[in-house]
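# Reading the structure
What follows is each chain in one-letter form.
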Amino acid sequence: MNEITDSAGARVRWTNEPPSLVLDGSWTAAGVKADTLLKAVAQALDALPAGPVRLEAAPGAELDTVGALVVEHVAALAESKGRVLDHSSLPEVWRATLALIDRVAQRTPPPAPAPFSGFASIGKSAIDVVRHFFALLAFIGEVTVHFLPLLVRPWRIRWREVIVELEAAGVRAVPIVALLSFLIGVVLAYQAGVTLDRFGANVFIADMIGVVVLREMGPLIAAIIVAGRTGSSYAAQLGSMRVTQEIDALRSLALPPAEMLVIPRFLALAIALPLLTTLANAAGLFGGMVVATGGFGLDWTVGLQRLGRLGHAHYWVGLVKTPVFAMAIALIGCQAGMSVRGSALEVGRATTSSVVQSIFWVIVLDAIFSIVFRRLGL
């Protein structure tokens, strides 16, 4: 048996019968000198008989990722000489470390991607949609199970957290809701005024603004803003808590996350969105009246009289939709956050998904309400 000893502590021996390389000593960051060892391995490979070479580890030998990287260089050197190294005799821990280094170094080529298939892609997307739908239903059921007993015992609701979330979802959203609703009213008045002015029907600008803002645009704009602002924050907050295992800690303490985290946000948004919708209605009507009076010559008194003749029905038709919008936004945002698995990258994906789904379902629910109200003659 021949032996080469590295001055740092790693050793390599080789034998001819059977052809084998024996790694001994400390194959660690503090124990290897790559140049000396690779020269020894090159000398051993030239001296060994032709055929496969078995790689072995001596009893008591140590290996870390630095030593495993040197072993990878040994394998590359053997390949350059047309020799094959057999790792089957190494300890299981050594093989696992070498496999890790092999994956990181990407010496093993990645598998070829499957050929694109339109039908397979459609089927996979459909399966993902169905799975997500059932996951959302299960989450709604879990929240319902924890919420119904609280209706009988409301003192168990965490009202302090509800107030905190109400301030975050409602009070802090007032400026952006008011500004965007005002601008929406301005745009609607301009678009309607240009057409009505051609027929000398400027007086009807107030009627059109009142109906459109109170029934549709006020509730819809407020819900979309809340979905993008508050729904995404719910997904990000709960997703971060999933990553840091705070939700798992609550479960370990027998505290249901639905009751502790979801229901306060749900109640806060159910209270905040109708109030924000009322603000959006007022800002939208004000913006429309500013344009109608300043740009198309409508008298303020006449405009206010026309708005007063609309009655309260349009306001209540728009307002009755907002609790449903709030429930959809809160449940979708919380479910997206609670479904996060793994890393912070999943938090970003869940946040994006919650915004897209919330806006989608708000528009779908608004369309359903429009059809139902039309059937009821409202």
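Higher on the page you've got the structure.
A few points on the structure. (Residues numbered from 1 in each chain as written. Predicted model: local features only at pLDDT ≥ 70, side-chain atom pairs only at ≥ 80, totals over all residues. Heavy atoms only, no water.)

## Comments concerning the overall build of the protein
The condition is simple: Per the convention used, a helix needs a DSSP run of H or I reaching at least four residues, while a strand needs a run of E reaching at least two, with both numbered from the N terminus. Two things to know: the radius of gyration comes from C-alpha atoms, and the globule rule equals 2.2 Å times the number of residues to the power 0.38. Burial classification: accessible surface area is computed with a 1.4 Å probe over protein chains only, and a residue below 20% of its type maximum counts as buried, one above 50% as exposed, and the rest as partly exposed. Contact criterion: two residues are considered in contact whenever any of their non-hydrogen atoms come within 4.5 Å of each other. Accessible surface is estimated by sampling points in the Shrake-Rupley manner with a 1.4 Å probe; for residues, cover comes only from the protein chains shown. Here Asp and Glu are counted as negative and Lys and Arg as positive; His is not counted, and neither are the chain ends. Lysine's charge is taken at NZ, arginine's at CZ, aspartate's at CG and glutamate's at CD.
When its secondary structure is counted, the protein shows 13 helices and 6 strands. Radius of gyration (C-alpha) of the protein: 35 Å, far over the 21 Å computed for a compact globule of 378 residues. Going through the 378 residues of the protein one by one, you find that 43% of them count as buried. Of all intrachain contacts in the protein linking residues separated by at least 6 positions in sequence, the fraction that spans at least 24 positions is 79%. Carbon and sulfur atoms make up 66% of the accessible area of the protein, which totals about 19900 Å². Here the protein carries 30 positive and 28 negative side-chain charges, and the mean point of each set is 10 Å from the other.

## Examining the packing of helix α12 (residues 322-338) against helix α13 (residues 344-376)
The axes of two packed helices give the description: the angle between them and the distance between them. Keep this limit in mind: Angular values range over 0 to 180 degrees, each being the angle between N-to-C directions of two axes fitted as lines to C-alpha atoms, with helices fitted over their stretch in contact. Our angle categories are set so that under 35 degrees counts as roughly parallel, over 145 as roughly antiparallel, 65 to 115 as roughly perpendicular, and the remainder as oblique. Each crossing gets its hand from how the near helix is turned against the far one by less than a right angle, where anticlockwise is left-handed and clockwise is right-handed. The classification used treats Ala, Val, Leu, Ile, Met, Phe, Trp, Tyr, Cys and Pro as nonpolar, Asp, Glu, Lys and Arg as charged, and all other residues, Gly among them, as polar.
Running from N to C, α12 and α13 point in directions that differ by 155°, and their axes come no closer than 9 Å. It follows that α12 is roughly antiparallel to α13 by the angle criterion. Note on packing geometry: the crossing formed by α12 with α13 is right-handed. The segment α12 lies against α13, with V324, F325, A328, I329, I332, G333 and A336 engaging A350, S354, Q357, S358, W361, V362, L365, D366 and F369. Here the residues of the contact of α12 with α13 sort into 11 nonpolar, 4 polar and 1 charged.

## Considering the pairing of strand β4 (residues 53-57)
How we decide: Here, strands pair whenever DSSP counts at least two bridges between them.
Note that strand β3 (residues 20-27) and β4 share 4 bridges and pair parallel. Note that in β4 the partner of L23 across the bridge is A57. Relative to strand β6 (residues 85-86), β4 runs parallel, the two sharing 2 bridges. Within β6, the position partnered with V53 by the bridge is L85.

## Side note on unusual backbone geometry
We note that Q245 has phi near 65°; this positive angle belongs to a residue other than glycine. If you trace the backbone, Q245 turns up in the loop between α7 (205-243) and α8 (246-252).

## Here's the deal with the environment of F373
Note that F373 resides in helix α13. The spacing of F373 and V317 is 56 residues in sequence and 8.1 Å in space, taken between C-alpha atoms.

## Things to note about α13
An α-helix turns once per 3.6 residues; consequently, residues spaced three or four apart project the same way. Note the cut-off: Every helix has an expected span of 1.5 Å times one less than the residues it contains.
The terminal C-alpha atoms of α13 lie 47 Å apart, and with 33 residues this matches the ideal 48 Å at 1.5 Å per residue to within 8%. Within α13 the residues assigned to the buried category are V347, A350, T351, S354, Q357, S358, V362, L365, D366, F369 and F373.

## Examining the side chain of S358
Its place among the elements puts S358 in helix α13. Taking relative accessible area as the criterion, S358 reaches 1% and is therefore assigned buried. Sequence-distant contacts of S358, defined by excluding residues within four places in its chain, comprise A227, I329 and I332.

## Remarks on the layout of surface pockets
Quick note on the threshold: Computed over the protein atoms alone on a 1 Å grid, cavities are sets of points where a 1.4 Å probe fits but cannot get out and pockets are open sets with protein on both sides within 12 Å along at least five of seven lines; a residue lines them when it has an atom within 4 Å of a point. Grid points are joined across faces, edges and corners, and a volume is the space filled by probe spheres set on the points.
By volume, the largest pocket is sized at about 410 Å³. Residue lining of the largest pocket: 16 residues in total, with D128, V129, H132, S353 and Q357 positioned closest to the centre. Among the elements of the structure, α4 (118-152), α12 and α13 are those that each provide at least two residues to the lining of the largest pocket. When residues of the lining of the largest pocket are assigned to their parent elements, the largest contribution, 7 residues, is made by α4.

By themselves, these figures tell us nothing about what the structure is for.
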